[in-house]
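Each chain is listed here by its residues.
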Amino acid sequence: MIRYILGSTVALAGAAAAVLSPFRDWYDGRLGRQYRIADLFNGISGARPGLWGSIWLPLLFAAAVTVVGVWLRSRLLVACAGVVVLGFTVLWMVRQGQATGSLTVAADGSGLQVGVATAAVGGALMLVGAAVMPGRRGRGRLERVDRKRPYAAPGSDDPDTWPPTQEPGPSVQTSPLPEPEADPYTGPEPPDPRRPPGP
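Within the protein, the regular secondary structure consists of six helices and two strands. Listed by position from the N terminus, the elements making up the protein come as α-β-β-α-α-α-α-α. Counting all 199 residues of the protein, 28% fall into the buried class. Within the protein, contacts between residues at least 6 apart in sequence are counted, and of these 62% link residues at least 24 apart. Carbon and sulfur atoms provide 63% of the accessible area of the protein, an area that totals close to 13,500 Å².

In C-alpha cells, the structure reads:
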C-alpha cells in the first residue's frame, strides 16, 4: 500500500509537470504551447497555433493516461505515458536543434528554458512512479490461484483416526454416520443355573 501511494504520487506529480510545461518558456522566450504538433515532424516554423493544435495536446493525453493508469494500478499505462512525454520532448529538441543549428542554455534567458526541463522532469517522474508502483498483476494472479486451489487431503503425519483410540493409521470407519454406542444399562443379571435356588 505504501509503494502504491508513493508511486502514484510521484507519477501524478510528473503528469502535472508535463501538463503545465507548455505554459512556460521553452526556447528564446517562446512558450511551449506556441509550437504546433506538426512542427515536431515537419520542422520548427514561426506559426503560432491554438492551444488544441499545440504540443500541449499530446502532453495532456499522456497526463490523462497516467491518471487512468494510477486508478487501475497499471504500471504499464503509467510507463507508456512517461515514454510519450519524454519522446515528444526529445523530438522537439531535435527539431529545434535542426532549426537553430544548436541547442544552448544561456544566462540571459536565450536558448533552452525552464519549460523543456519541466516536461523532461515530468516524463522522468512518470517512469519513476511506474517503477515504484506495485501493480496489480501479481496480486490478482495469487488471488485466482488461491480461489481455485482445493483443500489438501490429510497426510500421513496427521491421520484420520476414528474412534479416537490415539493409534496411528487410516480411519477404520466406513460409514459416514457416527459409530453406534453400546447401551450402558444392561438390566438385571440372568440367573446362574449352577447356583441352587435361594430359600
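A word on the nonpolar core. Nonpolar side chains in soluble globular proteins tend to end up buried together. Within the largest apolar cluster, 20 residues are counted, with the highest numbers of intra-cluster contacts made by Trp-26, Tyr-35, Val-85, Trp-92 and Met-126. Going through the elements one at a time, α1 (2-20), β1 (25-27), α3 (56-72), α4 (75-100) and α5 (114-132) are the ones with two or more residues in this core. At five residues, α3 tops the list of elements feeding residues into this core. Counting six residues, the second largest nonpolar core, distinct from the first, contains Tyr-4, Ala-11, Val-70 and Ala-130.

Our focus in this paragraph is α4. Over its 26 residues, α4 runs 38 Å from end to end, which matches the ideal 38 Å to within 8%, given 1.5 Å per residue. Among the residues making up α4, those that are buried are Val-78, Ala-81, Gly-82, Val-85, Thr-89, Trp-92, Gln-96 and Gly-97. Buried positions along α4 lie against α1, β1, α2 (39-42), α3 and α5. A positive phi of about 90° marks Gly-101, the residue just after α4.

In this section: the packing of α3 against α4. It is at 7 Å that the axes of α3 and α4 come closest, and there the two elements cross at 165°. The angle between α3 and α4 falls in the class roughly antiparallel. As for how α3 packs across α4, the hand of that crossing is left-handed. Only Leu-77, Val-78, Ala-81, Val-84, Val-85 and Phe-88 of α4 make contact with α3, whose side of the interface consists of Pro-58, Leu-59, Ala-62, Val-65, Thr-66, Val-68, Gly-69, Val-70 and Leu-72. A class-by-class count of the residues in the contact of α3 with α4 yields 13 nonpolar, two polar and no charged.

Here we take up the packing of α1 against α3. At a closest axis distance of 9 Å, the pairing of α1 and α3 adopts a crossing angle of 165°. Classified by the angle between their axes, α1 and α3 sit roughly antiparallel to one another. Of the two possible hands of crossing, α1 and α3 adopt the one that is left-handed. Here Tyr-4, Ser-8, Ala-11, Leu-12, Ala-15, Ala-18 and Val-19 of α1 lie close against α3, whose contacting residues are Trp-56, Leu-59, Leu-60, Ala-63, Thr-66, Val-67 and Val-70.

Right, let's talk about the packing of aromatic side chains for a bit. Within the structure shown, the criterion is met by five aromatic pairs. Arranged with centres 6.1 Å apart and planes meeting at 75°, the rings of Phe-23 and Trp-56 form a pair that is edge-to-face. Taken together, the residues Phe-23 in the loop between α1 and β1 and Trp-56 in helix α3 connect sequence positions 33 residues apart. By relative accessible area, Phe-23 is classed as partly exposed at 38%. Pairing Tyr-35 with Trp-92 gives two aromatic rings, centres 5.4 Å apart and planes at 80°, and the pair type is edge-to-face. Pair noted here: Tyr-35 is in the loop between β2 (30-31) and α2 and Trp-92 is in helix α4, with a separation of 57 residues, a long-range link. Taking relative accessible area as the criterion, Trp-92 reaches 0% and is therefore assigned buried. Taken together, the aromatic side chains of Trp-26, Tyr-27, Tyr-35 and Trp-92 make up a single cluster linked through ring pairs.

So, how was this worked out
- Residues numbered from 1 in each chain as written.
- Predicted model: local features only at pLDDT ≥ 70, side-chain atom pairs only at ≥ 80, totals over all residues.
- Heavy atoms only, no water.
- Helix = DSSP H or I, 4+ residues; strand = E, 2+ residues; numbered from the N terminus.
- Buried < 20%, exposed > 50% of the residue type's maximum accessible area, 1.4 Å probe, protein only.
- Contact = heavy atoms within 4.5 Å.
- Areas by Shrake-Rupley, 256 points an atom, 1.4 Å probe, with all protein chains shown as cover.
- Core = buried A, V, L, I, M, F, W, Y, C linked by side-chain atoms within 4.5 Å.
- Expected span 1.5 Å × (residues − 1).
- Axes fitted to C-alpha atoms, helices over the stretch in contact; angles between N-to-C directions.
- Parallel < 35°, antiparallel > 145°, perpendicular 65-115°, else oblique.
- Left-handed = near helix turned anticlockwise from the far one by under 90°.
- Nonpolar A, V, L, I, M, F, W, Y, C, P; charged D, E, K, R; others polar.
- Phe/Tyr/Trp six-rings, centres within 6.5 Å; stacked < 30°, edge-to-face > 60°.

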